[in-house]
Amino acid sequence: APARKVSRTGARTVLWGQVRSGNGPRQYVLQQFHDGGWRSVGGVAKTTANGFLSRAVQAGKGAIFRLWDPSGAVVSPLLRVS
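All residue numbers refer to positions counted from 1 along the written sequence of the respective chain. The predicted nature of this model means local features are confined to residues of pLDDT at least 70 and side-chain atom pairs, given and counted, to a pLDDT of 80 or more, with totals for whole chains, interfaces and linings taken over all residues. As a convention, hydrogens and water are excluded, and side-chain values are obtained from all of the structure's heavy atoms.

(A) A look at the environment of Ala63. Runs of H or I in DSSP of at least four residues are treated as helices and runs of E of at least two as strands, each being numbered from the N terminus. Checked against the element boundaries, Ala63 lands in the loop between strand S5 (52-58) and strand S6 (64-69). Residues Ala63 and Phe33, spaced 30 residues apart in sequence, show a C-alpha to C-alpha distance of 7.4 Å. Excluding its chain neighbours within four sequence positions, the residues that come into contact with Ala63 are Gln32, Leu79, Arg80 and Val81. Two residues form a contact once any of their heavy atoms are found within 4.5 Å.

(B) Unusual backbone geometry, seen in detail. Unlike most non-glycine residues, Asp35 shows phi in positive territory, near 50°. Within the secondary structure, Asp35 is located in the loop between strand S3 (27-34) and strand S4 (37-46).

(C) View of the pairing of S6. Of all six residues making up S6, five are buried, and the element is well covered by its neighbours. Pairing between strands requires that DSSP locate at least two bridges from one strand to the other. Examined bridge by bridge, S3 and S6 share five bridges and lie antiparallel to one another. Its bridge partner lying in S6, Gln31 is registered against Arg66. Bridge count between S6 and strand S8 (residues 79-80): two bridges; the pairing is antiparallel. In the strand pairing of S8, Ile64 is matched with Arg80. Here the term buried applies to any residue with accessible area under 20% of the maximum for its type, exposed to any over 50%, and partly exposed to those in between, with areas from a 1.4 Å probe on protein chains only.

(D) Quick look at the packing of aromatic side chains. Pairs were defined over the aromatic rings of Phe, Tyr and Trp, the Trp ring being its six-membered one, requiring ring centres within 6.5 Å. Orientation was assigned from the angle between planes: stacked under 30 degrees, edge-to-face over 60, tilted for the rest. Per the counting criterion, the structure on display carries two aromatic pairs. With a centroid separation of 5.6 Å and 35° between ring planes, the pair formed by Trp16 and Phe52 is classed as tilted. In this pair, Trp16 sits in strand S2 (residues 12-18) while Phe52 sits in strand S5, placing the two residues 36 residues apart along the sequence. Exposure remark for Trp16: the relative accessible area of 26% places this residue in the partly exposed category. Seen in terms of ring centroids, Phe33 and Trp38 are 5.2 Å apart; in terms of plane orientation they differ by 70°. Their pairing is edge-to-face. By relative accessible area, which is 26% here, Trp38 ends up partly exposed.

Okay, here's the thing in structure tokens:
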């Protein structure tokens, strides 16, 4: 499940990702590392029919994110906002 930053304006950051396992819309959880642990950002969400997602979050430079695919217990590489 790759993830990358698309843009950042101040603390508004747009993230893009893809969940590759499965067919049709796929469930995923966007997680942010905060205070020593991973926290869900907005709960379980769904991708497009092709597995893509785009999310706007409030996160400035240095914030760390990952995508978690609950169906396959797979996590993406870490994404640090620059």
